[in-house]
Amino acid sequence: MISFDEKNQVFKLDTPNTSYLIGIVDGKYPGHIYYGNKIDDTSVAYLLRPEEILSPDRCAREKVSFLDAFPMEYSCGGAGDFRESSINVRAADGQDGLELLYASYQIFPGKKALEGLPATWGSGEDCDTLEITLQDKATGLMAVLSYTAFRDTDAITRSVRIVNQGQETLYLTRALSLCLDMDNENFEVISLPGAWGRERRIQRKPLGYGSAVFESLYGKSSHEEQPFAAVASANCTQTEGKVYAFHLVYSGNFMTKLSVNRFDSLRVVMGVHPERFYWKLASGESFQTPEAVMVYSGQGLGAMTRTFHRLYRDHLIRSPWKKKERPVLINSWEAAYFDFDTEKILGLAREAATAGIEMLVLDDGWFGHRSSDDSSLGDWFVNEKKLPGGLKYLADEINALGMKFGLWIEPEMISEDSELYRAHPEWVLRTARREPAQSREQYVLDLSNPEAADYIYEQIRSVLSSAHIEYVKWDMNRPLADVGSLKLEPDRQGEIMHRYMLAVYRMQERLLCDFPELLLENCSAGGARFDPGMLYYSPQIWCSDMTDAVERLAIQEGTMLIYPLSTMGAHVSDCPNHVTMRQVPFETRGLVALAGTFGYELDVRKLPEEERAQIPSQIALYKKYHGLIADGEYYRIASYQENHLYDCFEVVSQDQKTALVCFVQVLAEPNKKSRRIRLQGLKEDWVYEAGGQRLTGRTLMNAGLLVERMQGDFQAKLLEVRLACRI
Ligand code: DGJ
């Protein structure tokens, strides 16, 4: 619901439990009035305090101090606001600076798609959109700020379309998606930093004066940071307190910057990273920023999490697979790495099929002459020496076992040792003066060159048409460096990072149009491109190359903070784990993987018999609980990352009749016989069957249950809670 109060010049955007208010001051300046729990009135423009900061109409010479203190909806650089700017341009004379002033608005039901970019979607019944048009007289630049308020979830999305309406060519030197100015309330900042093998660890720290920056310049959203940040009141827990969260629907370089200034005002900006970015805007040309999602919760982090889950499940993921049970897969990577041939893969498939596994995924190493990571990327034809009869023969044989067949690809890359490189060395992303550097012995393809992107896409399309391939794992294993294009004009080189992302999105869009039933899983050296942009194309993303179940607890907890459980690629792998050498019981490995898409990443033929025998019952558990886990409401009960002892979360069905509690005892503490857990999300008055007892939801949520201590470290348990009767 969005309204405009003409008299007070105030826009009010409402979601079920939140309000967001924007006021226009002096008919010129769009200022941020309020964001938080839902309020009733629009006569609150006094919160903008324009008089306190000397409105420029009354005292023109104080325009600078006005611009530097006014809570801007979209900050401009160079004309007096010394805080972080959201947009800037450089004109042909080399000068910069903008003053974007209010021109007009429109409100309409529904939401427009963003050209070439992933974004949330919704019909006129789901959401309303406000567009505020701003103009800079001096340059002729126009910015259309777009806000969508959802009716079924507490999310507001924002993006900006920038148009050069002047005569001169302009260069956008930054074009962020979101700016929010508000009073700092002693906030703490939450982010999701990481590394390969330990992605998305929750970090929380005081904000204080100065700036906190979370960013990626890797050309992908990265292992190192997530395009997410939240500010929370210091007392904010899972169930209580305020939290404002921001997430960018983008997979490339990003910047989130939170700065507290001398007036105790907090400015949050988020968008495409301005470093190594500029975009030429000739007269009449436009630029679309990615979309940023804002979520406010006045009831702690748990409610924020569930809002993100709902938004992404209902308004971002498009795949026909999103609510369907995913086939239980076995992936050849940790089972064989590069060392396989048809017989080995078929042997794996036969054994997997007898255990009830439903799909075999052939990972890296099936193409060109690749037998380690030093060759053949770009040569997307099958290695007949390893796989005589090609993919068709293999897929047919696997299908004959009653299994589906899936394939790994890495279309964005090129090896120096490849036919493609020998034919098109100019298709490597590189600057003219420097030799490009390799990483994982590979170069990045210059996808800003449509010729290269189209060629690769056609190769992939032909591979996927050559056999019955029902799943694709799209990998991307190195960051972008030496970012230059031998094809693009000199004054467009600053566009490459973003053009690269647009090309990846375009390729994935084409893939889904050509193969609408395909189950696509994105991946990037583990979980280095786990972001909302990728979710628009694939309903699941490989979470991490860390498959050790204990290490996975923190990774999955951080991921679940904002992503639905159904999106997390999670597999049971071998022991000792290939990276940590840790031994974790097979049952625990299974229960930890159950939180995600569930599959196997090991050589089933080599499993000890007592472990092999557990696979059918693990699969049965997955089948039993998949619907609940994928579609239920998620509640975090205890965090191993915080307590270093045990981990516990719960999923409650939408009708609140069933709940599943997943408990992992990481360390068997001495002299501790049981642990109390308090459930969440149940109906207070209903009576539930839980742990052999009949208790009301009120009792289970307040008094809680006891989980008995299990024998030894790394033990796990599932607890089912079912409605017994309604009072
Ligand atoms: C990185 C991925 O995360 C792994 O699962 C595997 O597919 C390798 N790449 C293959 O090169």
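The structure we're discussing is the one just above.
What follows deals with the overall build of the protein. Looking only at helices and strands, the protein features 15 helices and 39 strands. What you see for the protein is a C-alpha radius of gyration of 27 Å, in line with the 27 Å of a compact globule of 727 residues. Looking at the protein as a whole, 63% of its 727 residues qualify as buried. Taking as baseline every contact in the protein between residues at least 6 positions apart, the subset at least 24 positions apart corresponds to 69%. When the accessible surface of the protein is totalled, it reaches about 26,300 Å², and 48% of it is carbon and sulfur. Positive and negative side-chain charges in the protein, numbering 80 and 102 respectively, have mean positions lying 3 Å apart.

As a further point, take the nonpolar core. Counting 201 residues, the largest nonpolar core has Ile 162, Trp 366, Leu 391 and Tyr 600 as the members making the most contacts within it. For this core, the leading source of residues is helix α8 (residues 496-514), giving 10 residues. Listed in part, the 23 residues of the second largest apolar core include Val 661, Leu 679, Ala 690 and Met 710.

Burial of helix α11 (residues 586-593) is extensive: 7 of the 8 residues sit out of reach of the surface. Turning to α11, its buried residues number three or more, namely Phe 586, Thr 588, Arg 589, Gly 590, Leu 591, Val 592 and Ala 593.

The subject of this paragraph is the pattern of salt bridges. Using the criterion set out here, one finds 58 salt bridges in the structure. A salt bridge links Asp 339 to Lys 344; its shortest N-O distance comes to 3.6 Å. Overall, Asp 339 belongs to the exposed group, its relative accessible area being 53%. Accessibility expressed as a relative area gives 22% for Lys 344, which makes it partly exposed.

Time to look at the environment of Lys 392. With respect to the helices, strands and loops of the structure, Lys 392 is situated in helix α5 (residues 390-400). Between the C-alpha atoms of Lys 392 and Gln 493, which are 101 residues apart in sequence, the distance is 42 Å. Apart from the residues within four sequence positions on either side, Lys 392 is in contact with Ser 466 and Ala 467. Engagement of the side chain of Lys 392 in a polar contact is seen with the side chain of Asp 396, the distance being 2.7 Å.

The next thing to look at is the packing of helix α7 (residues 450-465) against α8. Relative orientation of the contacting elements α7 and α8 amounts to 30°, with a least axis distance of 11 Å. Looking at the two axes, α7 sits roughly parallel to α8. The interaxial crossing formed by α7 with α8 has right-handed handedness. Across from Ala 453, Asp 454, Ile 456, Tyr 457, Glu 458, Ile 460, Arg 461 and Leu 464 in α7, the residues of α8 making contact are Arg 506, Met 507, Arg 510, Leu 511 and Asp 514. When grouped by side-chain class, the residues that make up the contact of α7 with α8 number 7 nonpolar, no polar and 6 charged.

Turning to the site of the ligand, a few remarks are in order. As a structural note, the neighbourhood of the ligand is formed by 13 residues, with Asp 363, Asp 364, Lys 473, Asp 475 and Asp 545 the closest of them. The separation between an oxygen atom of the ligand and a polar side-chain atom of Arg 440 is 2.9 Å. Within the contact set of the ligand, an oxygen atom lies 2.5 Å away from a side-chain nitrogen or oxygen of Asp 545. Alone, the ligand offers 290 Å² of accessible surface; in the complex the protein occludes 98% of this. Looking at the shell around the ligand residue by residue, the class counts come to 5 nonpolar, 2 polar and 6 charged.

Moving on: helix α10 (residues 549-560). The terminal C-alpha atoms of α10, which comprises 12 residues, lie 15 Å apart, in line with the 16 Å expected from a rise of 1.5 Å per residue. When you tally the buried positions in α10, you get 11 out of 12 residues, the bulk of the element. One side-chain oxygen at the N-terminal end of α10 lies 2.7 Å from the backbone nitrogen of Val 550; it belongs to Asp 548.

For the rest of this paragraph, the subject is the sheet that holds strand β30 (residues 571-573). Note on sheets: strands pair through backbone hydrogen bonds, and any given pair is parallel or antiparallel. With parallel pairing, the 9 strands of this open sheet are ordered in space as β29-β28-β27-β26-β23-β22-β21-β31-β30. With partners counted over all chains shown, the strands left at the sheet margins are β29 (568-569) and β30, one partner each. Sheet topology places strand β27 (residues 519-522) next to strand β28 (residues 540-542); 2 bridges connect them, and they run parallel. Its bridge partner being in β28, Asn 522 is matched across the sheet by Ile 541.

Here the focus is the sheet that holds strand β32 (residues 633-638). The 6 strands lie next to each other as β32-β33-β34-β39-β36-β37, forming an open sheet whose pairing is antiparallel. The two strands at the open ends of the sheet, each matched to only one other strand, are β32 and β37 (693-696). Taken pair by pair, the neighbouring strands of this sheet meet at an average axis angle of 25°, ignoring direction. With 4 bridges joining them, strand β36 (residues 687-690) and strand β39 (residues 715-725) adopt antiparallel strand pairing. Among the inter-strand pairings, Tyr 688 is bridged to a residue of β39, identified as Leu 723.

Definitions and limits used
- Residues numbered from 1 in each chain as written.
- Predicted model: local features only at pLDDT ≥ 70, side-chain atom pairs only at ≥ 80, totals over all residues.
- Heavy atoms only, no water.
- Helix = DSSP H or I, 4+ residues; strand = E, 2+ residues; numbered from the N terminus.
- Rg over C-alpha atoms; globule rule 2.2 N^0.38 Å.
- Buried < 20%, exposed > 50% of the residue type's maximum accessible area, 1.4 Å probe, protein only.
- Contact = heavy atoms within 4.5 Å.
- Areas by Shrake-Rupley, 256 points an atom, 1.4 Å probe, with all protein chains shown as cover.
- Lys, Arg positive; Asp, Glu negative; His and termini not counted.
- Charge placed at Lys NZ, Arg CZ, Asp CG, Glu CD.
- Core = buried A, V, L, I, M, F, W, Y, C linked by side-chain atoms within 4.5 Å.
- Salt bridge = Lys/Arg side-chain N within 4 Å of Asp/Glu carboxyl O.
- Polar contact = N/O pair within 3.5 Å; in protein donor to acceptor, adjacent residues only side chain to side chain.
- Axes fitted to C-alpha atoms, helices over the stretch in contact; angles between N-to-C directions.
- Parallel < 35°, antiparallel > 145°, perpendicular 65-115°, else oblique.
- Left-handed = near helix turned anticlockwise from the far one by under 90°.
- Nonpolar A, V, L, I, M, F, W, Y, C, P; charged D, E, K, R; others polar.
- Near = heavy atom within 4 Å.
- Expected span 1.5 Å × (residues − 1).
- Pairing = 2+ DSSP bridges.

Worth remembering: the numbers are spatial, not functional.
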